[in-house]
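# Overview (structure and organization)
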Amino acid sequence: MPSDAPLTDRLTHPRYPRSSRYDARWTIENQMGPNALWLLEWLAPALGLQELPPGARVLDLGCGRAMTSVFLAREYDVQVVAADLWVKPEDNAVRVAEAGVADRVLPVYAEAHDLPFGEGSFDAVVSVDAYQYFGADDLYLPTLTPLLKPGGRIGVVVPALREEIDGTEPPAHLKPYWDPGFWAFHSPAWWRRNWTRTRAVTVETADWLEDGWRDWLLWSEVCAEESPSEFMAGMARDSVELLRADEGRALGFARVVGRRN
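Let me begin by describing the structure that accompanies this report. (Residues numbered from 1 in each chain as written. Predicted model: local features only at pLDDT ≥ 70, side-chain atom pairs only at ≥ 80, totals over all residues. Heavy atoms only, no water.)

With that out of the way, let us pick up the packing of aromatic side chains. According to the stated counting rule, one finds 17 aromatic pairs in the structure shown. One aromatic cluster in this structure is built from Y131, F134, Y140, W190, W191 and W195. (Phe/Tyr/Trp six-rings, centres within 6.5 Å; stacked < 30°, edge-to-face > 60°.)

All right, on to the environment of D103 then. Tracing the backbone through its elements, the reader meets D103 in the loop between α5 (89-98) and β3 (105-109). Here the alpha-carbon distance between D103 and A73, two residues 30 residues apart in the chain, equals 9.4 Å. (Helix = DSSP H or I, 4+ residues; strand = E, 2+ residues; numbered from the N terminus.)

This brings us to the side chain of D129. For D129, the location among the structural elements is in the loop between β4 (122-128) and α6 (141-144). One buried charged residue, D129, remains without a salt bridge, the closest side chain of opposite sign being R65 at 10 Å. Of note is the side chain of D129, whose polar atom sits 3.1 Å from the side chain of Q132. Excluding its chain neighbours within four sequence positions, the residues that come into contact with D129 are M32, G33, P34, V157 and P159. (Buried < 20%, exposed > 50% of the residue type's maximum accessible area, 1.4 Å probe, protein only. Lys, Arg positive; Asp, Glu negative; His and termini not counted. Salt bridge = Lys/Arg side-chain N within 4 Å of Asp/Glu carboxyl O. Polar contact = N/O pair within 3.5 Å; in protein donor to acceptor, adjacent residues only side chain to side chain. Contact = heavy atoms within 4.5 Å.)

Further remarks concern the nonpolar core. Core analysis: the biggest nonpolar cluster contains 61 residues, and L11, L40, L49, L72, V78 and L251 have the highest contact counts within it. Looking at which element gives the most residues to this core, the answer is helix α3 (residues 36-47), with ten residues. In contact with L40, other than residues within four places in its own chain, are L49, T68, F71, L72, V126 and V128. (Core = buried A, V, L, I, M, F, W, Y, C linked by side-chain atoms within 4.5 Å.)

Let us look at the environment of P89. Here P89 is to be found in helix α5. Placed 46 residues apart in sequence, P89 and G135 show a C-alpha to C-alpha distance of 22 Å. Aside from chain neighbours lying at most four places away, what touches P89 is P107, V108 and Y109.

Interaxial distance between helix α8 (residues 212-226) and helix α9 (residues 230-246) falls to 8 Å at its minimum, and their mutual angle equals 145°. As α8 runs across α9, the sense of the crossing is left-handed. Residues W213, W216, L217, S220, E221, C223 and A224 of α8 lie in contact with α9, whose contacting residues are A233, A236, R237, S239, V240, L243 and R244. Residue composition of the contact of α8 with α9, grouped by class: nine nonpolar, two polar and three charged. (Axes fitted to C-alpha atoms, helices over the stretch in contact; angles between N-to-C directions. Left-handed = near helix turned anticlockwise from the far one by under 90°. Nonpolar A, V, L, I, M, F, W, Y, C, P; charged D, E, K, R; others polar.)

Following this line, the structure appears as structure tokens:
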């Protein structure tokens, strides 16, 4: 596919140098929300991906269209199980082969509460813009961590709230845009407490992406204009309205990393 220089320039981000090397059109065509490569690149140092030996096994949980799985294989030379419920593994297998990493990425169909893997199967578990759909359950993390080798890490990046919301109503400025699913968004402090009290992991990181809402807005603006899917373009337009109304007051991203006890 020929390079689209103006689009590439628009999405070249100094905070995400590895991601900026990927074809901009490819990332837009395969996106399912916020820029998953940017978020994974932010997660990587806290998760210690650069410390994993070549061939280490990583579970990419909720991988979507497998962009993050391709990134993990290419950038960190690991073996990736690309697990998703919404995207067929045969479709992801085509994308993975086209990306040249079919020998390092195995797409599978899996539901997060019924993962077909044995104890100690993975050196790390990664989840980008997916964990909020299933992991906010207080009982979930202890069922996931046995899949890690002792001392292995789990790292997630999720859409988040800067601070927890008191009561039962969203902030007044977000009411016109609020979706009930947003109640699965929580603050970094909430995630730290949630993971710590399970005693399944030692939380090493639970922090906020500074100005992450600006990255989210830029990406949504581009996808609203450039996505070949009208459904995804419509979702992006909704995100643009939401983020412009909020201007970073409440919404952004949390990064959470824990080491199996």
